[in-house]
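Descriptive structure summary
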Amino acid sequence: LTIANSDPVVDTPVIDPTSGVTTATTLACSASATDPDGDTPAVTFAWSNGSTSLGVSDSLTLTASKAAPGDSITCTATATDDQTAQVSASTAVTVDNTDPTVDSVSISPSSGVTTSSALTCSASASDDDGDSPTLAYHGQFDIPTSEFFLGERCDERPQAAQRGGQSVSHAG
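Residues numbered from 1 in each chain as written. Predicted model: local features only at pLDDT ≥ 70, side-chain atom pairs only at ≥ 80, totals over all residues. Heavy atoms only, no water.

Here's the deal with the nonpolar core
As a reminder, the rule being used: Working definition of a nonpolar core: buried Ala, Val, Leu, Ile, Met, Phe, Trp, Tyr and Cys residues. They are joined through side-chain atoms within 4.5 Å. When a residue's accessible area, from a 1.4 Å probe over protein chains only, is under 20% of the maximum for its type it is buried; when over 50% it is exposed; and in between it is partly exposed. For helices the rule is a DSSP run of H or I covering at least 4 residues; for strands it is a run of E covering at least 2, with both sets numbered from the N terminus onward.
Core analysis: the largest hydrophobic core is formed by 19 residues, its most contacted members being Ile 15, Leu 27, Trp 47, Leu 62 and Ile 73. Elements with a minimum of two residues in this core: strand S3 (26-30), strand S5 (42-49), strand S8 (72-80) and strand S9 (86-94). Considering every element that reaches this core, the biggest residue donor is S8, with four residues.

The structure is reproduced here in structure tokens:
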């Protein structure tokens, strides 16, 4: 009498987190397995992005070089019993886009501004997704109402940037 080995059974893996995944998220994958023969199957994990292997652990830290917004990151759990029978199950999460971050903004010159001064705005920005943000400049400068008319604007060349020791300040 020969008793045949039965394949183990693996549950669909669970990835945590399931939402809010970005190119800087650490993912964890878990799954449980049983074996009708009474064995305790070993469960291993493999991560992929399409056909690209990303690692063989129960966790994975994403980077912009491993994933991009819109990519589907898959965790495959494989259960192996004592007789080397294997079964696998997979699940995936989608990588979300993140907003770029403005790192710095400056206006120069920052002192000695007169009505004939040209002001220059410069800024730097970064994006965790690895994209190169495009910067666009716009704004309005607040002029103290005690010396100037309400609603006065200062764009490229101020009409009245400094009078009586009061200077232009950037409002947004």
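After presenting the structure, the write-up continues.
So, the sheet that holds strand S2 (residues 14-16)
Put simply, the rule is: Here, strands pair whenever DSSP counts at least two bridges between them. Angles run from 0 to 180 degrees between N-to-C directions of axes, and those axes are lines fitted to C-alpha atoms, restricted for helices to the stretch in contact.
Overall, antiparallel pairing links the three strands, which are arranged S2-S3-S7 in an open sheet. Single-partner strands in this sheet number two, and they are S2 and strand S7 (59-61). Shown here is a sheet whose adjacent strand axes are inclined to one another by a mean of 20 degrees, direction ignored. With three bridges connecting them, S2 and S3 associate as antiparallel partners. Within S3, the residue paired with Val 14 across the bridge is Ser 30.

So, the sheet that holds S8
Pairing within the open sheet is antiparallel, and its four strands lie in the order S6-S5-S8-S9. The sheet is open, and its two borders are formed by strand S6 (52-55) and S9, each paired with just one other strand. The sheet shows a mean angle of 30 degrees between the axes of neighbouring strands, taken without regard to direction. Relative to S8, S5 is paired through eight bridges, and the arrangement is antiparallel. Following the sheet pairing, Ala 42 is matched in S8 by Thr 80.

Side note on the state of the cysteines
Definition in use: Only a pair of cysteine sulfur atoms within 2.5 Å counts as a disulfide in this structure description.
In this structure the tally under the stated criterion is one disulfide. The partner cysteine of Cys 29 in its disulfide is Cys 75, sulfur to sulfur 2.0 Å. Note on the Cys 29 and Cys 75 pair: the S-S dihedral is about -95 degrees, so by sign convention the disulfide is left-handed. Here Cys 75 lies in strand S8 and Cys 29 lies in strand S3, a separation of 46 residues in the sequence. By the burial criterion, Cys 29 is buried, and Cys 75 matches it.

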